[in-house]
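Single-letter residue listing:
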Amino acid sequence: MDKKLLDILVCPVSGAAVTLADQDTLTRLNARVDAGQARYADDRPVDAPLEAALVTADRHTAYRVDDGIPVMLPERGIDLSSPA
């Protein structure tokens, strides 16, 4: 993902900075997706694994990146604070 884009993107809910998720975070999140435990902010299940994600500075929310495009919609935030 383009560094300039990462520098200007923020969480649409909290305004917190976001960074690209590391492989460990993606692995844990995708395990939750596979188990049916990952949910979007609008309470819909996350139904497809993530290839990439942006994570807020407080590490509470992730936003998927699909085909290199960040999906930064409030209702599409994924709660990371729930246990796996």
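Before any of the text, the structure's been laid out above.
A.B. asks: Describe unusual backbone geometry, with residues and values.
C.D. replies: Most peptide bonds are trans, and most residues other than glycine sit at a negative phi. One non-glycine residue with positive phi stands out, namely Asp43, at about 75 degrees. By secondary structure assignment, the location of Asp43 is in the loop between α2 (23–34) and β2 (52–56). Its identity as a non-glycine residue notwithstanding, Asp67 has a phi of 55 degrees, on the positive side. For Asp67, the position within the fold is in the loop between β3 (61–66) and β4 (69–70). What makes Asp67 exposed here is its relative accessible area of 76%.

A.B. asks: Lay out the pairing of β2 with the relevant residues and their values.
C.D. replies: Burial analysis of β2 places 4 of its 5 residues in the buried class, the great majority of the element. With 3 bridges connecting them, strand β1 (residues 18–20) and β2 associate as antiparallel partners. Looking at β2, one finds that Thr19 is bridged to Val55. With 4 bridges connecting them, β2 and β3 associate as antiparallel partners. Looking across to β3, one finds that Ala52 is bridged to Val65. Here β2 hands over to β3 after 4 residues, with Arg59 in that stretch at a positive phi of 60 degrees.

About the criteria used
Along each chain, residues carry numbers from 1 onward, in the same order as the chain's sequence is written. For a predicted model such as this one, the threshold for reporting local features is a pLDDT of at least 70, and the threshold for listing and counting side-chain atom pairs is 80 or more; totals across whole chains, interfaces and linings nevertheless cover every residue. As a rule here, side-chain values come from all non-hydrogen atoms in the structure, and water together with hydrogens is ignored. Going along the chain from the N terminus, every DSSP run of H or I of four or more residues is numbered as a helix, and every run of E of two or more is numbered as a strand. For each residue, the accessible area found with a 1.4 Å probe, counting protein chains only, is set against the maximum for its type, and the residue is called buried under 20%, exposed over 50%, and partly exposed in between. Paired strands are those between which DSSP finds at least two bridges.

Taken by themselves, the reported measurements are silent on function.
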